[in-house]
Every structure is written in C-alpha cells, then in structure tokens.
Amino acid sequence: MAKTQLEEINRNIYDFKNKDDYDYKIKKGLTREIVEEISKQKNDPDWMREIRLKALEIYNQLEMPTWGPDLSELNMDEIATYVRPKGKMASSWEDVPEEIRNTFDKLGIPDSEKTSLAGVGAQYDSEVVYHSMKEDLIKQGVIYTDMETAVREYPEIVKKYFMKCVPINDHKFVALHAAVWSGGSFVYVPKGVKLDIPLQSYFRLNSPESGQFEHTLIIVEEGASLHFIEGCSAPKYNKVNLHAGCVELYVGDNAYLRYSTIENWSKNMMNLNTKKAIVGKNAQVDWVSGSFGSHISMLYPMSILNGEGAKTEYTGISFAGKDQNLDTGFKVIHNAPNTSSVVNSKSISKNGGKCTYRSLVRIMENAKNSKSSVSCESLMLDDFSISDTIPTNDIRTDEVEFSHEASIGKISEKTIFYLMSRGISEEDAKAMIVRGFAYPISKELPVEYAVEMNNLINLELEGAIG
Amino acid sequence: MEKVKLNQTPVRTCRNFKINNIDFTDKIPSRIPDFHNVKIAQETGKDEIITDYEFDNFEVKFGSGLEDQIKEQANQKIKIDVKSKTDKEIKVEFDFDEENLKLVDYIEIVAEENTTSNIYIIYRNKLCNEVQDHCDDPSQRCSGVQCAPYKAYHNGLIRIVANNNSKVVVNIINLMNKESSNILGVDSKIEDSAKLKLNIVDFGAKTSVTNVYSNLAGKEANNLINSIYLGTDKEVIDMNYIAECFGEKSNINIDVQGALKDEAVKHFKGTIDFKKGCKKATGNEAENCMLLSDKAKSLALPMLLCSEEDVEGNHSASSGKADNKEIFYIMSRGFDKKSAEKLLVRAKFNSLLEGISNQEMKQEISYEMDQKLD
C-alpha cells in the first residue's frame, strides 16, 4: 500500500522575521535584579512587584517537571524575559509602527477585525501594540484592554482575580510567568451581556532568544457570554525561544465562554503555557485548541467545575511533524453535583514528530450525578513517528457515569478499499479519511482557521497500491 | 512510617495525579523464616517440577520494585518445565497460617515448544472451617479472605517463558486475608505463535500490589490477560500491567473487571507499548470498575504508547455505580438490592470464572466473592 503523505504545515506565512529592533530589551537570565527591573520598566504598583518577587522565590524552589518532554535545551540564562517593542499601544492601526503593522497585516489580523471580530488585541514581543473594540460593547460595559492598563485602571478587579485561579506555586513555569509576566489581555463582560461575535488577541514573538509571558484574564459575569480567540506565532530562529503565558478564566453562574486557541509557534519555541477556568453554577466553558507549531509544547487547559450543573467541553487537535514533541491534553475537576465534561481529542504525527495526549479527569466526592466522556484518537502517518496516550482517571464517588476510550493506528486499508469500491480514487479516499478524521475538530474552529487547516491537510500520494 | 515506592509506571505523568507509583507503607519484614505449607500437584506426571530450584540471578525490565528481596531471601523456589501436550492441571498452593506467615517465592515456568499447560498458583489463608472467637458472624463458616486473625506477607515473582507454539494458561489466585500484604510480579516472554493466557483473581490482602509485564517478542505472539479484583473495607489494590509488542502480528488483550465497596481504593495502570517493527500488531485494553460505595475510589491510567504505524490499539475505561435499571430489573424479580448487586458483580466476573476449568477452584472463588460482597 502506498504511503499517505500529509504535508508539513506550511509555515511561510509565519516565518517571515523583522529586524530585532526594539525600544528596550532586558539582559538575558533570571535574577532578582532582572525581575525588579521589569517591574520598574512596567511601573508596577507595589502589590504586583511583591507578587513578582514572591514568584521568583518559588520558581527557584520548585524543580523542573520529572515527566513529559525533555526540557534540557531550555537555559534561562540565554533567554531575555522582557522586550519592549517600539511605539506605544495604539487604538488605530495607523498609529502602530509600520514594520509591526506590516507583520499583523501579513497575518491577516486587521482584515479579520473588519469582517468577523468584535475587538482585537495585538501583542508584539512583550507589549501589546494595538487594542480596540466596537463602540456598542464599550457602551454595554464590556472591558477589553491590555493587562497593564487593567492593573492601572481596574486594580480592585485585577487584585481579586490575578493568579487566584492559577496559583503561583502551581508549577515551575507558572512561577516563572508570575515573576516576569508582561502583556496579555483583560476582558470583563458584565452580567447578562452576550457578545455575538468574538474578541481576538494575537501574540507575535519576533525577538530571538527571548520569551513571551503574556497574562490573559477573562471574567464573564453571571448570564453573560463570550467567544474569545487567541492566536500565536513566531518566526524560526536557531536558538530556543520560550513561551510561558498564563490564562485565567472566571465563568459566572449561567454564563458561557468559548476559548479558542490556534497555536502556530515556530519550531524553536518551547511552549509551556498554563490555562485554567473556574466555572460557576450552570455555566459552561468550551475549549477549542489547535496545536500545530512549537518545538516542544506542554499544554493542558483545565476546567474546574465548581458550580452545580457546570459543564465543559474540550475539542483539540495536534499535528506534530519533524522535530516536534507536542505533549497536550486536558484536565477537568468535577467539584459539584450534576457537572459534566466531554473531551474529544485528535492527533496526527508524521515525519518523526511525537504527539502525546495527557489528561486528568477527577470526579470529587461531592460531584454526585456527574458525567464525563473522553475520546481520543491518534493517527500515525509513518513508522518513525510516535504517538502516546496517557490519560489519568480519578473517580472518587459512585454516583457518576465515566467513560474513556482511545484508539491509535494508521489509515484503515479496509476503509480505503470500501471507498474505492464506490468509485472514489485512492488519493481522494485517503484525503477524505484524513479530513474526516480532523473534521470534528476543524468544524469547531473559527471559520478562517478551519479553512486554513483544511488547506494544510493537503494530501499527496506517491507510488501505487501493492 | 517508611514508604517504599512500588509499581512505577514505564512512563511518568504529572506527579500531582498521584499515580506514577504506589507509596507502600505496610511493613516489609527483614527476616524471612521457612515456609512449609506448599502443595504441588500435577495430573500427567510428565512435566518436570523442581522444588528448591537454584535460580540464576535475574533482571526484570519492569517489576514491582521488591525483586531484591526475592533474589536474596526467597523461601520457596520452584521451576516448572512443561513438556506435556495436554491441558491437564498443575497446581501450586501456598496456604498461610500462624506458622507460615511470610512467603517470598520465585516460580519459573518454561513451556517447551508445542506444549500445552494449565497451571494454578494459589495464595490463600487457610480456611479454618470452624467458628472461631474472632468470627463476626458465628453462624458462618470462616472465609479465607475475610477471616483475619493474623497478618501474612507475600512477595513473589512468577517468570514465564512461552516458547514457540506453546499454549500456556496460568491462573493466579490471590485469596489472602484482609490484614495481609501481597506483592506479586509476573514477568513473561512470549515467542513465535505462542499463546499465554493469564487469569488473575485479586480478592485478597489489605494492600495488594501486582505487576504484570509481558514481552511479546515473537511473531504472532499472543497474550490474553483477564483480571478480576474485589476491594472492601480500606483495602488498596494497585495493578501495573505493561505489555510491550515487538513481534509482528503480535496481539495483546487486557481485560480488567472489578468492584469496590466501602472505602476501598483501586489504582489501575495499564500500558500497551507498540515497539517499532511490530507491524500489524493489535492491542486492546478494557478496564471497568463498579463502585458500590460513595467512598470507594477508582484511579486509572490506561496508556497506549506507539512507535509503529501499522498497528491497531484501543483502550477503554469506565467507572460508576451499578446500573439502576439493571438493579431495578433484578429487584423486580424478587431479589433484594444486595443480591442484585452481587448478581451484577458476578456477571462482570463471569467471563474469567468460566475460563477456570477447575470446578473446586471456581467454587472457592465464588464463595470468597460472596463473603466479600456480604
């Protein structure tokens, strides 16, 4: 049987790089002096400076993960944790420095803003360079701004929620994040306000040997709803770049939040991101996640279902090619009665890439009548790639319905044969099977990303059957 | 209390998930006296069985973690060299009592080419068959599993080599009492077209740690692992099953069925690892845990690791209480709830029990199951 060739992700649209031209770049490494300098550069209030310094202490105490991908290539002495681009944050693209504006033009962000988004934030290296939102949302009390502005203008809200959902001692890279965080988005949706079209933040890391540590804090109040899209990319350099962002989501009673991420980091990127949501009574958070880029990813969004009747869904796809080790998955804690979770994960590995699905479903003693259903499927397209499934299921009460199923394998020859017996060519049959495999995920992606993903899944067949 | 990490998974996951190993806190005896209550029987007389077998130094790729004690202090060393071609039984029974409390055993089973064997290895507390002072219910006969006037300790390793075209069935029955400690490793190598079926009944001990490693080395090597467990009180059951497929068209099937009552805890770690070159290998792993109490806990880590494209691997896991509709249906036929639950647990265990050809053994397992579920 001929091999099905699935092309690597075409990265040309992401790999263009600008000159490493910045307003300020902190020296490489991670010391108290550096953390204090970042705090000074950002004009932090005292309480934020204290969080940073406490986090640095914790970072130094915690050990590196003893599981998952090998992170030995990461040397914090070679990473600059803060790079301020030229220009101030603007609310008009015209006011963004030309080279940076061109970058986001090429990524299609301003076009999407015009056609399908209610608001856009754009971060370049360590700072947000552009933020805007439709007028009618401002009138309804929606706040969508960069985190620095939020710290300055809404200190009480930020103090109440910042690093509470994700505590700074959660793991080593959360502590790192809290020590050197910069940029990111703050969204506040007041009670009962429903956004019909999404907000999008895009994160671009241009500077070599640097890190991006943006903090996203979203609060969706009771009965409100929001779709938030996060995109990220970077050009490829020879040395390691680091992304250790943090996303904290608070979804109030009866509220709804959909958080979509399309991650397309370059293949020198270590993507060690942390995302968590706390979900209230009868509320729902849905995660849609596409992981295509990075050299190493460790990314496991988490839903904590604290309110009775809370729900969560995770829909994710990973595509690992050459030199990629994508260790992704999902964690959910059922911490109230009648909660439910649905997980649907797919992965494709080829050309020596490694995909790992790693997860946790924990149903606590008080989560009576909860339900959880997990499905993960892995497709391998050659015999030198790797695909692992490592799910942990922790069930602590009897009044639950829990099921988990996983499968691993290559494109089924029987299915190809069946389709061919219906008059479909072998090439078309294989293309159909791979697209069908990815379809449950791609249909959940924002439409422009779904189209892009389908274009990326471009089958090229070689040889003949035999 | 000193903790010893046992049953480490072949691949670690997040430490906070608390499943990479078990912290074993039961006392590990430093002195192992002789153990005399061993019965060995074979129906054909054609197989060679050596007691006091002086085994060579061995290494296990994955093990429980207490292999050194076996190397240094084993008080039972048995080798079974299978030569016969019938499925007549070989039975090895270890009975614990007040004079035989500590067993460290090494059993080596070598099935020669084209042979057939059906081996029982039983670890049990001796049935006293009398009403004793410690009996909770004086009207009942003592149960080996439930009757616990003393603590026994068992650490054992069963090594199996299934040579080409051999068919081996090994039934491992743990009916130790509810105060005891059980640590058992099973390490097997399965060659071309050989078939190894492991039936594991894990009903006994306060803490039961079982490590099963299968090396499917040969082409069309076949391994079926059927396991049933039953936990009550505060028992802890930790299972670490690892199968590595090296041979082309090799097949591994793991089916684990269990039930937990009271505050019992179960950890199941199952790994199927498709190694590069095991083309057309297949692997299936199913784990199902029936929770009969809202304080019982089920922790599972069913892993699929894959470095070969041309394979098919599946796993499934489920947990939850007995289906209300099924309970209702049985109760509508005149049974009380406890009997209905018992029937459902028995139904789950049936496929393994049906595979046990020895009727006496089957009855004993059923009796102990009923005692535990009462």
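The model shown is predicted, which means the values in this text are computed figures rather than measured ones.

Reading guide: rules and limits
- Residues numbered from 1 in each chain as written.
- Chains lettered and ligands numbered in written order.
- Predicted model: local features only at pLDDT ≥ 70, side-chain atom pairs only at ≥ 80, totals over all residues.
- Heavy atoms only, no water.
- Helix = DSSP H or I, 4+ residues; strand = E, 2+ residues; numbered from the N terminus.
- Rg over C-alpha atoms; globule rule 2.2 N^0.38 Å.
- Buried < 20%, exposed > 50% of the residue type's maximum accessible area, 1.4 Å probe, protein only.
- Contact = heavy atoms within 4.5 Å.
- Areas by Shrake-Rupley, 256 points an atom, 1.4 Å probe, with all protein chains shown as cover.
- Lys, Arg positive; Asp, Glu negative; His and termini not counted.
- Charge placed at Lys NZ, Arg CZ, Asp CG, Glu CD.
- Buried area = accessible area lost by both parts, 1.4 Å probe.
- Salt bridge = Lys/Arg side-chain N within 4 Å of Asp/Glu carboxyl O.
- Polar contact = N/O pair within 3.5 Å; in protein donor to acceptor, adjacent residues only side chain to side chain.
- Nonpolar A, V, L, I, M, F, W, Y, C, P; charged D, E, K, R; others polar.
- Pairing = 2+ DSSP bridges.
- Core = buried A, V, L, I, M, F, W, Y, C linked by side-chain atoms within 4.5 Å.
- Domains from an automatic or database assignment.
- pLDDT = per-residue confidence, 0-100.
- Phe/Tyr/Trp six-rings, centres within 6.5 Å; stacked < 30°, edge-to-face > 60°.
- Lys NZ or Arg CZ within 6 Å of the ring centre and 35° of its normal.
- Axes fitted to C-alpha atoms, helices over the stretch in contact; angles between N-to-C directions.
- Parallel < 35°, antiparallel > 145°, perpendicular 65-115°, else oblique.
- Left-handed = near helix turned anticlockwise from the far one by under 90°.
- Disulfide = S-S within 2.5 Å.
- Expected span 1.5 Å × (residues − 1).

**Student:** Could you clarify how one ought to interpret the overall build of chain B in this entry?
**Tutor:** Summing up its helical and strand segments, chain B has 4 helices and 20 strands in all. For a compact globule of 374 residues, the expected C-alpha radius of gyration is about 21 Å, and chain B comes in at 20 Å, within 12% of that figure. Dimensions of chain B along its principal axes, counting C-alpha atoms only, are 55 × 45 × 45 Å. Sorting the 374 residues of chain B into buried and exposed places 58% on the buried side. In chain B, the proportion of contacts linking residues at least 24 apart, taken out of those at least 6 apart, comes to 83%. As presented, chain B carries roughly 14,800 Å² of accessible surface, and 44% of it is formed by carbon and sulfur atoms. Across chain B, 51 positive and 62 negative side-chain charges occur, with their mean positions spaced 4 Å apart.

**Student:** Could you clarify how one ought to interpret the overall build of chain A in this entry?
**Tutor:** The helix and strand inventory of chain A stands at 12 helices and 27 strands. Over its C-alpha trace chain A gives a radius of gyration of 22 Å, about what one expects of a compact globule, namely 23 Å for 466 residues. Each principal axis of the C-alpha atoms in chain A carries an extent, and together these give about 70 × 55 × 45 Å. With 466 residues in all, chain A has 64% of them scored as buried. Of all intrachain contacts in chain A linking residues separated by at least 6 positions in sequence, the fraction that spans at least 24 positions is 84%. A total accessible area of about 17,100 Å² is found for chain A, and carbon and sulfur atoms account for 47% of it.

**Student:** Just to check I follow, could you spell out the interface of chain B and chain A for this structure?
**Tutor:** How big an interface is tends to be expressed through the accessible area that disappears when the partners come together. Contacts between the two partners involve 42 residues from chain B and, on the opposite side, 44 residues from chain A. When residues of chain B are sorted by the area they lose upon contact with chain A, Phe17, Cys306 and Glu309 of chain B head the list and together hold 20% of the total. On inspection of chain B and its partner chain A, the count reaches 7 salt bridges. A salt bridge links Lys297 of chain B to Glu365 of chain A; the shortest N-O distance between them is 3.5 Å. One can count 21 residue pairs in polar contact (both at pLDDT 80 or more) joining chain B with chain A. Every element with two or more residues in the side of chain B that touches chain A is listed here: strand 19 (297-306) and strand 20 (311-320) of chain B. Partitioning the side of chain B that touches chain A into residue classes produces 18 nonpolar, 12 polar and 12 charged. Bridge count for strand 25 (residues 386-395) of chain A against strand 19 of chain B is 6 bridges, and the pairing is antiparallel.

**Student:** I would appreciate a short explanation of the nonpolar core in the present structure.
**Tutor:** Burial of nonpolar side chains together is a common tendency in soluble globular proteins. Within the largest apolar cluster, 103 residues are counted, with the highest numbers of intra-cluster contacts made by Leu199 and Leu226 of chain A together with Ile109, Ile121, Tyr123, Leu198 and Phe274 of chain B. Among the elements that make up this core, the one with the highest residue count is strand 15 (residues 236-245) of chain B (5 residues). Core analysis: the second largest hydrophobic core is formed by 65 residues, Ala175, Trp181, Leu242 and Ile390 of chain A among them.

**Student:** Could you clarify how one ought to interpret unusual backbone geometry in this entry?
**Tutor:** Peptide bonds are trans in most cases, and residues, glycine excluded, mostly fall at negative phi. All names here are of chain B. Of note, the phi angle at Asn7 is positive, near 55°, even though the residue is not glycine. Classification of Asn7 as buried rests on a relative accessible area of 0%. Positive phi, normally seen in glycine, also occurs at Asp233, with a value near 50°. The topology assignment puts Asp233 in the loop between strand 14 (222-231) and strand 15. For Asp233, a relative accessible area of 33% corresponds to the partly exposed category.

**Student:** Before we go on, may I ask you to explain the pairing of strand 26 (residues 400-409) of chain A in this structure?
**Tutor:** Along any regular strand the residues' side chains alternate between the sheet's two faces. Two strands pair when backbone bridges link them, and strand 24 (residues 370-380) of chain A and strand 26 of chain A are joined in this way by 10 bridges, in the parallel orientation. The partner of Ser370 of chain A across the bridge, within strand 26 of chain A, is Val400 of chain A. Sheet topology note: the strand 26 of chain A/strand 20 of chain B ladder contains 9 bridges and is antiparallel. Bridge pairing links Ala406 of chain A to His315 of chain B in strand 20 of chain B.

**Student:** Help me understand the domain arrangement of chain A, please; the structure alone is not making it clear to me.
**Tutor:** According to the domain assignment, chain A consists of domain 1 (8-299) and domain 2 (411-466). Taking the mean C-alpha position of each, domain 1 of chain A and domain 2 of chain A sit 34 Å from one another.

**Student:** Looking at this structure, how should I read the confidence of the model for chain B?
**Tutor:** Do not read the predicted coordinates in detail wherever pLDDT is low. The share of residues in chain B with pLDDT of 70 or more is 95%, and the mean pLDDT across the chain is 92. Across the interface, the model reports ipTM at 0.89; the global pTM reads 0.90.

**Student:** Where do I start with the packing of aromatic side chains in this structure?
**Tutor:** Aromatic ring pairs: the centre-centre distance and the angle between the two ring planes describe each pair. All names here are of chain A. Throughout the structure, instances matching the rule amount to 22 aromatic pairs over all chains. For the ring pair Phe228 and Tyr259, a centre distance of 5.4 Å and an interplane angle of 25° mean the geometry is stacked. Placement of the pair is Phe228 in strand 11 (residues 225-233) and Tyr259 in strand 14 (residues 256-264), with a sequence separation of 31 residues. Taken together, Trp93, Phe104, Tyr124, Tyr130 and Tyr202 form an aromatic cluster joined through their ring pairs. One cation-aromatic arrangement involves Lys172 over Tyr59; the distance from NZ or CZ to the ring centre is 4.1 Å.

**Student:** For this particular structure, what's the right way to read the packing of helix 2 (residues 32-41) of chain A against helix 3 (residues 46-61) of chain A?
**Tutor:** To describe two helices that pack against each other, one gives the angle between their axes and the distance between the axes. Residues and elements named next belong to chain A. Where helix 2 meets helix 3, the axes come as close as 10 Å, and the angle between the chain directions of the two elements is 160°. One element, helix 2, and the other, helix 3, form an angle in the roughly antiparallel class. In this structure, helix 2 crosses over helix 3, and the sense of that crossing is right-handed. Between helix 2 and helix 3, the residues in contact are Arg32, Val35, Glu36, Ile38 and Ser39 and Arg49, Arg52, Leu53 and Leu56, respectively.

**Student:** For this particular structure, what's the right way to read the environment of Thr44 of chain B?
**Tutor:** Residues and elements named next belong to chain B. Relative to the assigned elements, Thr44 resides in the loop between strand 3 (38-42) and strand 4 (48-51). Distance in space between the C-alpha atoms of Thr44 and Tyr229 is 31 Å, their sequence separation being 185 residues. Not counting chain neighbours up to four residues away, the residues in contact with Thr44 comprise Ser84, Thr86 and Lys88.

**Student:** What exactly am I supposed to notice about the packing of helix 10 (residues 413-421) of chain A against helix 11 (residues 426-442) of chain A here?
**Tutor:** Residues and elements named next belong to chain A. Running from N to C, helix 10 and helix 11 point in directions that differ by 125°, and their axes come no closer than 9 Å. Compared by their axis directions, helix 10 and helix 11 come out oblique. Remark: the crossing between helix 10 and helix 11 carries right-handed chirality. Listed contacts from helix 11 to Thr415, Ile416, Leu419 and Met420 of helix 10 are Glu426, Ala429, Lys430, Met432 and Ile433.

**Student:** Help me understand the state of the cysteines in this model?
**Tutor:** Each disulfide consists of one covalent bond between the sulfur atoms belonging to two cysteines. All names here are of chain B. Going through the model one piece at a time under the given rule, you end up with 0 disulfides over all chains. Between Cys278, a cysteine without a disulfide, and Cys245, which holds the nearest cysteine sulfur, the sulfur-to-sulfur distance is 5.5 Å. Cys278 gets classed as buried once you look at its relative accessible area, which sits at 0%.

**Student:** Could you clarify how one ought to interpret helix 3 of chain A in this entry?
**Tutor:** Within an α-helix, residues lying three or four positions from one another point in the same direction, as the helix has 3.6 residues per turn. Residue and element names in this part refer to chain A. In a regular helix each residue adds 1.5 Å, so 16 residues correspond to 22 Å; helix 3 covers 23 Å between its end C-alpha atoms and thus fits that length. Taken residue by residue, helix 3 has Trp47, Met48, Arg52, Leu53, Ala55, Leu56, Ile58 and Tyr59 as its buried positions. Of the surrounding secondary structure, the elements contacted by the buried residues of helix 3 are helix 2, helix 7 (147-153), helix 8 (155-161) and helix 9 (172-180).

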